[in-house]
Amino acid sequence: MLILGLETSCDETGVALYDTDRGLLAHALFSQIDIHVEYGGVVPELASRDHVRKTLPLIEEVMTEAGVSPADIDGIAYTAGPGLVGALMVGATLARSLAWGWGVPVLGVHHMEGHLLAPMLEEEHPEFPFVALLVSGGHTQLVRVDGIGQYKLLGESLDDAAGEAFDKAAKMLGLPYPGGPHIARLAEKGNPERFHFPRPMVNRPGLDFSFSGLKTYTLNTVEDCRVDGEVSQQDKADIARAFEDAVVGTLVIKCRRALQQEGLKTLVMAGGVSANSNLRAELKMALAKEQAQVFYPAPVFCTDNGAMIAYAGAQRLKAGQVDTEDTRVRPRWPMEELPPVAGAA
Ligand code: ATP
Ligand code: MG
Ligand code: FE
């Protein structure tokens, strides 16, 4: 079954073709970063307008690359939420129009389920059940996964998401949006011994997170380092390092705790922050000590992309799930509300 996947929930237009027998055939991505960078964050109206411009050309691009014609396509999947409502509506409208024109089924997919299943695109992929750490720009969640659509939320951030904390800390250090990769690069030159930032909520039981205190701590440290209005490059690198170590340390502690609580040995990490190489290395090391294994997507499939939507959509379309007339995009959409896919456990 050949599925066209469209991702337009935020500031990336992602398009991909996934075949349930042959795997990923082609994928293309356009990032709107240059459009939003001067505003220091995503401007929703500009995001929607650019998805209108980019989605159809990207669809043509992947179809040409894969040598696929409309008659070959068996279904279309698009991101129906959560995300920016205008941006979601662009993808939904295009997906449904094409599906109607081509006479194929169409299905709205949950963006975070897309992230969660992205590691399944890899040659070496995890088996159910597992614990998933979803760490992105808008979410920080630990989820028990017993199969596709069988999700139990174990814990989540009570305030900022991890990616959001990276983006805000980057702004304090004068780094561009999105800040995660810039902090990571700067942190490599930082001295890990200079500052020790708090690991929020690790001394309390439970699996929830909080990153807003870390943000304040970062801001205060930046201010303490300011001399004649300036913060030196080395100070910035040392702060970036301490910040990254604190986020990574917190995530590692909570992941181990979640695996212990659930009695599982497999952890899956996905979402933009899972591209962080320190986080990947530290988790791998910490889990190896307990004979547990961690799986993550290839770096290109950690942040938003069409491949994860095509994959998640393919699993559900294959099981006969389709949109109904009253399907709407859902800017907010708890993942636990998703229906299970029979046989996918
Ligand atoms: P959501 O998926 O929750 O709706 P989103 O789609 O905006 O949010 P993603 O595209 O999955 O989020 O991830 C973007 C986030 O990942 C940004 O906050 C960015 O700073 C962060 N990020 C990307 N690369 C890295 C990295 N190497 N280290 C840390 N953070 C990173
Ligand atoms: Mg993004
Ligand atoms: Fe995302």
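All figures in this text were calculated on a predicted structure; none of them were measured in a lab. (Residues numbered from 1 in each chain as written. Chains lettered and ligands numbered in written order. Predicted model: local features only at pLDDT ≥ 70, side-chain atom pairs only at ≥ 80, totals over all residues. Heavy atoms only, no water.)

1. What about the overall build of the protein chain?
Basically, it comes down to this: Going along the chain from the N terminus, every DSSP run of H or I of four or more residues is numbered as a helix, and every run of E of two or more is numbered as a strand. With C-alpha atoms as the basis for the radius of gyration, the globule rule is written as 2.2 Å multiplied by the number of residues raised to the power 0.38. The buried label applies to any residue whose accessible area, calculated with a 1.4 Å probe on protein chains only, is under 20% of its type's maximum; exposed applies above 50%, and partly exposed to all values in between. Whether two residues are in contact is decided by their heavy atoms, any of which lying within 4.5 Å being enough. Charge assignment: positive for Lys and Arg, negative for Asp and Glu; neither His nor the chain ends contribute. For the purpose of locating charges, the reference atoms are NZ of Lys, CZ of Arg, CG of Asp and CD of Glu.
Of the regular secondary structure elements, the protein chain holds 10 helices and 10 strands. Radius of gyration (C-alpha) of the protein chain: 20 Å, near the 20 Å computed for a compact globule of 345 residues. Among the 345 residues that make up the protein chain, the fraction classed as buried is 54%. Of all intrachain contacts in the protein chain linking residues separated by at least 6 positions in sequence, the fraction that spans at least 24 positions is 72%. One finds the centroid of the 30 positive side-chain charges in the protein chain at a distance of 5 Å from the centroid of its 45 negative side-chain charges.

2. Quick look at the UniProt feature "domain: Gcp-like" (unreviewed entry) in the protein chain
Rules: UniProt positions are given in the numbering used here, feature names are shortened, and annotations may be inferred rather than shown by experiment.
Sites flagged by UniProt as "domain: Gcp-like" (unreviewed entry) map to residues 24–311. Across residues 24–311, the secondary structure splits into 46% helix and 17% strand, with the terminal C-alpha atoms separated by 8 Å.

3. Describing the coordination of the iron ion (ligand 3)
Which entries qualify depends on this criterion: A 2.8 Å cut-off from the metal defines N, O and S donors, relaxed to 3.2 Å for Na, K and Ca; water is not in the atom list, so some sites may appear incomplete.
Those donors, His111 (NE2), His115 (NE2) and Asp304 (OD), are the protein atoms that reach the iron ion (ligand 3), and they lie 2.1 Å from it. Look at where the donors of the iron ion (ligand 3) fall in the sequence and you get H-x3-H-x188-D. Here the iron ion (ligand 3) and the magnesium ion (ligand 2) are spaced 5.8 Å apart. Of this pair, His111 sits in helix H4 (residues 111–117) while Asp304 sits in the loop between strand S10 (293–295) and helix H10 (306–318), and the two are 193 residues apart along the sequence.

4. Some points on the layout of surface pockets
The test is simple: Within this scheme a cavity is a closed region of a 1 Å grid, computed over the protein atoms alone, that accommodates a 1.4 Å probe without allowing it to escape, whereas a pocket is open but has protein on both sides within 12 Å along at least five of seven lines; lining residues each have an atom within 4 Å of a point. Grid points are joined across faces, edges and corners, and a volume is the space filled by probe spheres set on the points. In this classification, Asp, Glu, Lys and Arg are treated as charged, Ala, Val, Leu, Ile, Met, Phe, Trp, Tyr, Cys and Pro as nonpolar, and every other residue, Gly included, as polar.
Put simply, the second largest pocket is a space of about 280 Å³. Lining the second largest pocket are 18 residues; nearest its centre among them are Leu107, Gly108, Asp323, Thr327 and Trp333. Looking at which element gives the most residues to the lining of the second largest pocket, the answer is strand S5 (residues 106–110), with 4 residues. For the lining of the second largest pocket, the class distribution of residues is 7 nonpolar, 5 polar and 6 charged.

5. Focus: the side chain of Asp235
The condition that has to hold: The term polar contact refers here to a pair of N or O atoms within 3.5 Å; inside protein, the definition further demands a hydrogen-donor-capable atom paired with an acceptor-capable atom, and it admits residues adjacent in sequence only when both atoms are side-chain atoms.
Topologically, Asp235 is positioned in helix H8 (residues 233–262). We classify Asp235 as buried; its relative accessible area is 13%. Polar side-chain contacts of Asp235 include one of 2.9 Å to the side chain of Arg194. In this structure Asp235 touches Arg194, Phe195 and Cys225, once residues within four positions along its chain are discounted.

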